[in-house]
Amino acid sequence: DGSDFYGETHPAMVSLKTGKPVYNKKMGVYNPQKHDYNWININSIPKFKKNQTKPYEVVATFEDITEREYTKKELKKAKKQAEENEAMLKAAMDNSQAGIAIADFPSGRLRFVNGAGLAIPNKSFKELVENVEIDKYVDEWQVLHLDGTPYDKNEVPLARAILYGEQFSGEFIIRRENNEDRYVLANAAPVLDSHGEQIAAIVIFLDITERKHSEMRLQKKNEELEAAEEELKTSNEELQGLNQQLKHQKEEMKKAKEKAEESDRLKSAFLANMSHEIRTPMNGIMGFSQMLQERDFPKDKQTKFLDIIHSRTQHLLNIINDLVDVSKIEANQLTLNFQQFCLNDVLKELYRVSDNELKVKEKTHVQLNLNKSMDSQNSYIYSDPGRFRQIMDNLLNNAIKFTHKGSIEFGYELTPEGRLLFYVKDTGIGIPGNEQENIFERFRQSESTTNRRYDGTGLGLTISRNLVELMGGKMWIDSTEGEGSVFYFTLPYKTQQATGKEEVKEEMVDETEGEGKTLLVIEDDPTSLQYMKALLEPGGFNIVACTTGKEGYETFLKHLEIDLILMDIKLPDTTGLELTRKIRSSADKGDVPIIAQTAYAMSEDVQKSIDAGCDDYISKPIDIRDLLRMVNKHI
């Protein structure tokens, strides 16, 4: 017990005095080297002589039981620790929000289910443990897949762990007796002993019903928001391109916050830039028009002012065309008009226009060169000449804008693969490497701030690359900042044998003889009507003007001498296409030439006009030369 004993209390002395043996008396002997006790077990046996009651000696045995004593202490301590651990584990399991169930192997009888586990199927422990067979778990718990179909009896997570020793991790449904579904996230696994033999199975499961319901509500709300967004997007056809961009930005916002912030910055820069781009040419148009109205200038100054007005008007029209093209590209409605044309003729015309542009911008010191690698006969290709010209115009205008000295060279060559490789090379300011790919994105420019040195919408290269890809090629750039840039693009070399002349000369239309010719102009816009009269009457044409479809048809029936009709597509009481069909069905002179004119600029409008019976089509704003050329063609 830890108290000291010496002398008479020593077991040997006790046996010597009392004559009685002492067994298994434990005593501690202090060991100064270990600073602890060595425990000894003592047995003391007295020895007697014959007929003597008092022993004459005592035999004592000593056994060192130190190790055994410490082992007993450790076992006692371990037992106490195990009991404490078990109590804490049981408390943790009982108070856990996750359900825990343990089943014996191989019977499947439930050994333990905590409170959270009982709450999910809404069963008592007694009801659960009565189900000895595994398949009864399925019937009693009604375990279902997430789509509502029942689990196969042997595929329930706990059953798989018991029957096959498999692990399971996933979600399923437990349907209560009142048909209430509880969504469960579970992990099941076999329990093995120290020899690797299965002795039980354990499943830990968590009721995630509220989380699932929240997800469903969020998903429904998201679907409603998406439906509302789609409805808003389709409510206005003129905003279709912008809605596409906003939708694209929304998708990008989900992927990365940084990219969304970049998109917002670009949008703000574009709107500010677009306001500048529209107001700048309008300022020139309004300013010089007002000056011409208020003062009489010499002929040369009048010509100069009118050239500026025309140039600024063309610039404004280019901006509108770019916006329309971007909208059509985003809506996947841009169509191409493939036909046979002479590539060399188009390039020579581009050279003439670019050379004149250099003069207008006072850059005559910049040398302009054209490289044609084939003769005119072999340069006939099958493609869209209008879109090809648009691509080259964009690239040449950029080269002129950003080149202040040196040269600009453009042209083409036939590659060994049988494709046409076009290029526009300049010695301008060049583009930094980190911005070269960005310039092909919508509204992106090498400079995007309000204090930019160069004008432009940032749409030209985007449109050009899309057009090249639609025409079967690809576009790329090679540029060095401070040295210049080269824009390349390829097109398929498709050709047919040219018929007749190698070059098509532009028809001269400065003078139009209209003496004795009567034109019926059906146009509801007073300004456009006045423009037509001012343009055609000096050529000797007799102009009969009508502002409605009804008036136009009645006039057509009364004036059989009409030689040509200029038909506006949009009229207040009908459409020009319907009126054209009506005229074509007329018995008297239903074959009169009809030229459709409209402010609509979609390529499909051309085909609609032709299908309705029009002989030709011209879009507003109407170019004087184009109109006179077309009138001459059909009279």
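In this text the structure is predicted, and so the values were computed from the model without any measurement.

Novice: Help me understand unusual backbone geometry in this model?
Specialist: Residues apart from glycine generally show negative phi values, whereas peptide bonds are mostly found in trans. The backbone of Asn-179 sits at a positive phi, close to 65°, despite the residue not being glycine. Here Asn-179 lies in the loop between strand S7 (168–175) and strand S8 (181–192). You can call Asn-179 exposed: its relative accessible area is 58%. Although it is not a glycine, Glu-362 sits at a positive phi angle of roughly 55°. Note that Glu-362 resides in the loop between helix H11 (343–360) and strand S11 (367–371).

Novice: It is not clear to me how the sheet that holds strand S5 (residues 110–113) should be interpreted in this structure. Could you clarify?
Specialist: What holds strands together in a sheet is hydrogen bonding between their backbones, with the strands either parallel or antiparallel. With antiparallel pairing, the 6 strands of this open sheet are ordered in space as S5-S4-S9-S8-S7-S6. Either end of the sheet is taken by a strand with one partner, and the two such strands are S5 and strand S6 (143–144). The sheet contacts of helix H7 (residues 209–234) involve S7, S8 and strand S9 (198–207), and relative to S8 the element is tilted by about 135°.

Novice: Mind showing me how you'd approach the packing of helix H12 (residues 385–402) against helix H13 (residues 460–470) here?
Specialist: How two helices sit against one another is set out by the angle between their axes and by the gap between those axes. The interhelical angle for the contact between H12 and H13, taken along N-to-C directions, is 145°, at an axis separation of 9 Å. Taken as a pair, H12 and H13 cross one another with a handedness that is left-handed. Listed contacts from H13 to Arg-387, Gln-390, Ile-391, Asn-394, Leu-395 and Asn-398 of H12 are Gly-460, Leu-461, Ile-463, Ser-464, Leu-467 and Val-468.

Novice: Mind showing me how you'd approach the sheet that holds strand S15 (residues 475–480) here?
Specialist: Strand order in the open sheet formed by 5 strands is S11-S13-S14-S16-S15, with mixed pairing between adjacent strands. A single partner strand is all that each edge strand has here, and the edge strands are S11 and S15. Across the sheet, the mean angle separating the axes of adjacent strands is 10° when strand polarity is ignored. As defined by bridge partners, S11 adjoins strand S13 (residues 407–414) across 5 bridges and the pair is classed as parallel. The residue of S13 that forms the bridge with Asn-369 is Glu-409.

Novice: How should the pairing of strand S2 (residues 36–47) be read in this particular structure?
Specialist: Residues in a regular strand project their side chains so that they alternate between the two faces of the sheet. As paired elements, strand S1 (residues 22–31) and S2 share 8 bridges and run antiparallel to each other. Bridging across to S2, Val-29 finds its partner in Asn-38. Following S1, the chain reverses through 4 residues before pairing antiparallel with S2; His-35 in that reversal takes a positive phi of roughly 55°. Bridge count between S2 and strand S3 (residues 57–64): 8 bridges; the pairing is antiparallel. Residue pairing for S3: Ile-45 is matched across the bridge by Val-59.

Novice: Even after reading the chapter, I still don't get the nonpolar core, so can you show me in this structure?
Specialist: In a soluble, globular protein the nonpolar side chains are often hidden away together inside. Grouped together as the largest cluster of nonpolar side chains are 39 residues, with contacts concentrated most on Leu-343, Phe-388 and Phe-489. Elements with a contribution of two residues or more to this core: H11, H12, S13, strand S14 (419–426), H13, S15 and strand S16 (484–492). In terms of nonpolar packing, the next biggest core, distinct from the first, is built from 21 residues, Ala-101, Val-143, Val-184 and Ala-186 among them.

Novice: Teacher, can you tell me more about a nonpolar patch on the surface here?
Specialist: There is a patch of nonpolar side chains on the surface, built from Tyr-23, Ile-45 and Val-59 and spanning about 270 Å² of accessible area. Inspection of the secondary structure assignment puts Ile-45 in strand S2. With relative accessibility at 34%, the residue Ile-45 sits in the partly exposed group.

Novice: Help me out: how do you make sense of the side chain of Gln-198 in this one?
Specialist: Mapping Gln-198 onto the fold places it in strand S9. Overall, Gln-198 belongs to the buried group, its relative accessible area being 16%. Within the structure, the side chain of Gln-198 is placed 3.3 Å from the backbone oxygen of Ala-200, a separation counted as a polar contact. The contact partners of Gln-198, leaving out residues within four places of it in the chain, are Phe-105, Ala-161, Ile-162, Gly-165, Pro-190, Val-191 and Leu-192.

Novice: Looking at this structure, how should I read the packing of aromatic side chains?
Specialist: The geometry of two aromatic rings is summed up by the distance between their centres and the angle between their planes. The tally for this structure, following the rule as stated, stands at 11 aromatic pairs. One aromatic cluster is present, formed by Phe-341, Phe-388, Tyr-412, Phe-422 and Phe-489 through successive ring pairs. Stacked on the ring of Trp-39, the Lys or Arg Lys-26 has its end atom at 5.4 Å from the ring centre. The lysine or arginine in question, Lys-582, covers the ring of Tyr-553, its NZ or CZ lying 4.4 Å from the ring centre.

Novice: For this particular structure, what's the right way to read the side chain of Ser-528?
Specialist: With respect to the secondary-structure elements, Ser-528 resides in helix H14 (residues 526–536). Discounting chain neighbours no more than four positions away, the residues touching Ser-528 are Glu-523 and Lys-620.

Novice: Any chance you could explain the confidence of the model for the chain here in plain terms?
Specialist: In low-pLDDT segments, the atomic positions of the prediction should not be examined closely. In the predicted model, the chain carries a mean pLDDT of 80, and the fraction of residues at 70 or more is 83%. Confidence, expressed as mean pLDDT per element, reaches its minimum in the chain at helix H5 (residues 134–141) with 59 and its maximum at S14 with 96. Below pLDDT 50 for its whole length, residues 447–453 participates in 9 contacts with residues either more than four positions away or in separate chains. For residues 497–510, every residue scores under 50 in pLDDT, and the model assigns this stretch 26 contacts once sequence neighbours within four places are set aside.

Novice: What am I meant to see in H13 here?
Specialist: Helical geometry note: an α-helix holds 3.6 residues per turn, so side chains three or four residues apart project in the same direction. Judged by how many residues are buried, H13 sits mostly within the fold: 8 of 11 residues are covered. Burial in H13 covers these residues: Gly-460, Leu-461, Thr-462, Ile-463, Ser-464, Arg-465, Leu-467 and Val-468. In the segment just after H13, Gly-472 is the residue with positive phi, at about 95°.

Novice: Where do I start with the environment of Asn-43 in this structure?
Specialist: Examined against the element boundaries, Asn-43 turns out to sit in strand S2. In this structure, the C-alpha to C-alpha distance between Asn-43 and Lys-25, residues 18 residues apart in sequence, is 6.5 Å. If we skip the residues at most four places from it in the chain, Asn-43 touches Val-22, Tyr-23, Asn-24, Val-59, Ala-60 and Thr-61. Polar contacts involving the side chain of Asn-43 include one to the main-chain amide nitrogen of Asn-24, which spans 2.9 Å.

Novice: Is there a simple way to explain the pattern of salt bridges in this structure?
Specialist: Once their charged atoms are close, side chains differing in charge can pair, the charge on each being opposite to the other. In total, this model carries 15 salt bridges according to the counting rule given. When the shortest N-O distance is used, the salt bridge between Glu-215 and Arg-211 registers 3.6 Å. Of the two residues, Glu-215 and Arg-211 are both situated in helix H7; the distance of 4 residues between them amounts to about one turn of the helix. Look at Arg-211 and you get partly exposed, because its relative accessible area is 41%. Where Lys-633 meets Asp-616, a salt bridge forms, and the shortest distance between an N and an O atom there is 3.5 Å.

Novice: So what exactly am I meant to see when it comes to the packing of H14 against helix H18 (residues 624–634) here?
Specialist: At their nearest, the axes of H14 and H18 sit 12 Å apart, and the two run at 65° to each other. Of the possible angle classes, the one that applies to H14 and H18 is roughly perpendicular. As H14 runs across H18, the sense of the crossing is right-handed. For the pair H14 and H18, contact is made by Tyr-531, Met-532, Leu-535 and Leu-536 and by Ile-624, Leu-627 and Leu-628, respectively. A per-class count over the contact of H14 with H18 returns 7 nonpolar, no polar and no charged.

Novice: Please clarify how the environment of Thr-427 should be interpreted in this entry.
Specialist: Topologically, Thr-427 is positioned in the loop between S14 and H13. Taking the relative accessible area as the measure of exposure, Thr-427 reaches 34% and is therefore partly exposed. Sequence-wise, Thr-427 and Thr-480 are 53 residues apart; in three dimensions their C-alpha atoms are separated by 9.7 Å. In terms of polar contacts, Thr-427 uses its side chain to reach the backbone carbonyl oxygen of Lys-405, at 2.8 Å.

What counts, and at which threshold
- Residues numbered from 1 in each chain as written.
- Predicted model: local features only at pLDDT ≥ 70, side-chain atom pairs only at ≥ 80, totals over all residues.
- Heavy atoms only, no water.
- Helix = DSSP H or I, 4+ residues; strand = E, 2+ residues; numbered from the N terminus.
- Buried < 20%, exposed > 50% of the residue type's maximum accessible area, 1.4 Å probe, protein only.
- Pairing = 2+ DSSP bridges.
- Contact = heavy atoms within 4.5 Å.
- Axes fitted to C-alpha atoms, helices over the stretch in contact; angles between N-to-C directions.
- Left-handed = near helix turned anticlockwise from the far one by under 90°.
- Core = buried A, V, L, I, M, F, W, Y, C linked by side-chain atoms within 4.5 Å.
- Patch = residues over 30% accessible without salt bridge, like charges linked within 9 Å, V, L, I, M, F, W, Y side chains within 5 Å.
- Areas by Shrake-Rupley, 256 points an atom, 1.4 Å probe, with all protein chains shown as cover.
- Salt bridge = Lys/Arg side-chain N within 4 Å of Asp/Glu carboxyl O.
- Polar contact = N/O pair within 3.5 Å; in protein donor to acceptor, adjacent residues only side chain to side chain.
- Phe/Tyr/Trp six-rings, centres within 6.5 Å; stacked < 30°, edge-to-face > 60°.
- Lys NZ or Arg CZ within 6 Å of the ring centre and 35° of its normal.
- pLDDT = per-residue confidence, 0-100.
- Parallel < 35°, antiparallel > 145°, perpendicular 65-115°, else oblique.
- Nonpolar A, V, L, I, M, F, W, Y, C, P; charged D, E, K, R; others polar.

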